[in-house]
Amino acid sequence: MKRLILTRHAKSSWDDPLMSDHDRPLNERGKAAAADLGQWLASRGYVPGEVLCSDAVRTRATFSGIAPALPGAPVLDLKPSLYHASADVMLAVLRHAKTDTVMMIGHNPGIAEFAHRLVSRTPINPEFRKYPTGATLVVDFTADNWADVGFGQGITADFIVPREIVV
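Here is a short report on the structure shown in this document. Nothing here was measured: the structure is a model prediction, and the numbers come from that model.

Evaluation of the coordinates by the stated rule reveals six aromatic pairs. Here Trp 40 and Tyr 46 contribute two aromatic rings whose centre-to-centre distance is 5.6 Å and whose plane-to-plane angle is 55°, an arrangement assigned as tilted. Owing to a relative accessible area of 9%, Tyr 46 belongs among the buried residues under this scheme. Each ring, one from Phe 141 and one from Trp 146, has its centre 6.0 Å from the other, and the planes form 70°; the classification is edge-to-face. Taking the relative accessible area as the measure of exposure, Phe 141 reaches 1% and is therefore buried. An aromatic cluster is present here, built from Phe 128, Tyr 131 and Phe 159 joined pairwise through their rings. It is Arg 24 that lies over the ring of Trp 14; its NZ or CZ is 3.7 Å from the centre. Across from the ring centre of Phe 151, 3.9 Å away, lies the NZ or CZ of Arg 117, which sits over that ring.

The rules behind the values
- Residues numbered from 1 in each chain as written.
- Predicted model: local features only at pLDDT ≥ 70, side-chain atom pairs only at ≥ 80, totals over all residues.
- Heavy atoms only, no water.
- Phe/Tyr/Trp six-rings, centres within 6.5 Å; stacked < 30°, edge-to-face > 60°.
- Buried < 20%, exposed > 50% of the residue type's maximum accessible area, 1.4 Å probe, protein only.
- Lys NZ or Arg CZ within 6 Å of the ring centre and 35° of its normal.

So this is what it looks like as structure tokens:
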């Protein structure tokens, strides 16, 4: 069995209009949301062995906010190819994962499409369609290897957006 924790980066700052998209940091709401996500994940035992993360500042900062709540120290693997990746690219990256539970942190619109295409049944939550900042899907696969995982095979275990978390 394999488990994917699929997280869109937390809310980022638009304060500096001259800053490149890649370099935008999290705003205060995003920092708080990332910390709440970490608590939520840990409280449910959703703990990754590795984290496949876009190399953008806001995705790295999202993981930095989540990480303190997680037991152990998941291996962070920065993947430039995940920066604004399509669903197909995200699947290709995932197929090279090394641990049974993997977290992937990326961007819309690709991450929303990836989430929709992965699961055999979408969560009932109306936020799933939009996949807003901080949205996190936990999806299980009956595959023995990540290389065998494909679209439509995932079973939704959980889905949350930060504003729904009560910590």
